[in-house]
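Observations on the three-dimensional arrangement
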Amino acid sequence: MNQYLIAMDSWYILEKLILIGALIGLSFFIAMYTTLAERKIAGWMQDRMGPNRAGPFGIFQPLADGGKLFFKEEITPTSSNRFLFLLGPALAMIVALITSTVIPWGASYVGETRTVALQVADVDMGILIVFGIVSVGVYGIMIGGWASNNKFSLLAAIRGASQMVSYELPMGLSLIAVLFMTGSLKMSAMVEYQMQHGWNVLYQPLGFLIFFVCALAECNRTPFDLPEAENELNFGYHQEYSSMKLGFYLFAEYINMFVSSAVMATLFFGGYDIPFFDETAWQGSALVLSALTFAVMMAKVSFFLFLFIWIRWTIPRFRYDQLMNLGWKKLIPLALINMLISAALLLFLNK
Amino acid sequence: MSIVQILFWVLAVMALFSALMVITSKNPVYSVLWLIVTFFAISGHYILLNAQFLAVVNIIVYAGAIMVLFLFVIMLMNARQEGASGSKRWVTLAGTVSGGIFLLVLVAALKDSELKTRSAMVMDGQVGLIKVLGNELFTRYVIPFEISSILFLSAMVGAVVIGKKD
């Protein structure tokens, strides 16, 4: 009855621990350099230099920013709720980091004695777990905003929470059409399906568009960065935060961007699949194949990160009622219609 | 003790403790947060029973959506530390009595039931997996399933009608 949990050998546990460590490191690294990329691209779009003082081309800028945040004075407002004030950023960070565990980052390395999957947990529920964790992600914002005991923070937190709850619905609905085709919730199975049948985005362009818009909203990115609308709310839900607690909130946003890029790449763009190339026909070493697929995955993720940044510096922010109208009156019906048409087509083609 | 047993006891203690904290916390926001912890503990139990779908959906729907709405209402109403029940003694009394009676009914109902002789299938049952569950829902239980979806739809329409100002 209990062999399942005992049967894990110590190598397996070690392997997973190393993977988890590597993933956390990767998330932080990518998030750090996304901040730099954001500023560089913003500079490029606005015809200026961007940060270029710390190191060549400013590549040490994220380190300088992080150091600055660490050594700043940490202020906890006297009237705030101390424990929850601490819990808010911690929760935002934890939730942002957990999601990456179910994403396959590359083709499994098939060695002589053992196979190492580049994925921490290939569970049956795969994508649903991502949704579960994303839906819990609201609490980081809400708790932080409420515990600050500041009207602006509270308003921003409530805005953020209602926005995230609203956009989860069309996100889930657009996903259902993808699930019709892949027939599995397992992330690795979805990637394998796309390797054989072509990328999902070819069959579900509308679904991808809806999913992408919702991902923007879930990450609180422009044009949906209402919780951080400084001209209406001073600074947003993290107004009372300083030092590394603020850093954690800002950082969690970038990690969320990274993870949602990875989710979109996996769901719609074939995950670690190398385009126009049959992985099973690979003759060389398995390690190289794993590295190559991982690099392809990272390239896709970088593309989405660039898209996020591009949109931020191109499109102005929505008004709050526009945001809600778009979510409830446009995206949900659109996602429903998309789902119905896909279901009907699939039924028709199978018969 | 096996790992499953250790996990079970940890989760059981967590579930009971957080459930107790829900009703003893003075601050309603803390109550809601403890309730979320309870949901997570219960989801852990579902996973032990290999009901993975139920575990994840429990988190998505209850911890992720319904509790957010609870928190919404409480934060917006800015409920004070002292609950409403503290002001009137007979409300407390009535609550205690009705709660006690409910406990009595539960104990009486479960005392002689056949549940005692059945043990849970830990990490083994296949019913909770999504393929099996979907097959059951859309073949054997398709009519109750569809009827309950109509029920939800009517509840939604009702909420919209009530929510409209004019």
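In the block above lies the structure referred to throughout.
Here's a quick rundown of the structure. (Residues numbered from 1 in each chain as written. Chains lettered and ligands numbered in written order. Predicted model: local features only at pLDDT ≥ 70, side-chain atom pairs only at ≥ 80, totals over all residues.)

What follows deals with the overall build of chain A. The helix and strand tally for chain A stands at 14 helices and two strands. Taken along the three principal axes of its C-alpha coordinates, chain A extends 60 × 55 × 45 Å. Looking at chain A as a whole, 44% of its 351 residues are labelled buried. Residue pairs in contact within chain A that sit at least 24 positions apart in sequence constitute 80% of those at least 6 positions apart. (Helix = DSSP H or I, 4+ residues; strand = E, 2+ residues; numbered from the N terminus. Buried ≥ 20, exposed ≤ 12 C-beta atoms within 10 Å, placed from the backbone. Contact = placed C-beta atoms within 7 Å.)

The next point concerns the nonpolar core. Judged by nonpolar contacts, the single largest core of 108 residues is most densely connected at A:Met142, A:Ala157, A:Phe211, A:Cys214, A:Ile255, A:Phe258 and A:Met264. No other element matches the 15 residues that helix α12 (residues 243-268) of chain A contributes to this core. In contact with A:Met142, not counting residues within four places along its chain, are A:Ala157, A:Ala161 and B:Leu71. (Core = buried A, V, L, I, M, F, W, Y, C linked by C-beta atoms within 7 Å.)

So, on to unusual backbone geometry. Positive phi outside glycine occurs at A:Phe57, with the angle close to 55°. A positive phi is found at B:Asn50, a non-glycine position, where the angle reads about 65°. Classification of B:Asn50 as buried rests on a count of 20 C-beta atoms within 10 Å.

The next subject is the interface of chain A and chain B. Residue-level contacts link 21 residues of chain A with 22 residues of chain B. By residue number, the principal contributor to the side of chain A that touches chain B is helix α5 (residues 126-136) of chain A, which donates six residues. Broken down by class, the residue content of the side of chain A that touches chain B amounts to 17 nonpolar, three polar and one charged. (Nonpolar A, V, L, I, M, F, W, Y, C, P; charged D, E, K, R; others polar.)

The next subject is the environment of A:Phe276. Take A:Phe276: it is sitting in the loop between α12 and α13 (286-312). Separated by 78 residues in sequence, A:Phe276 and A:Gly198 place their C-alpha atoms 9.6 Å apart.

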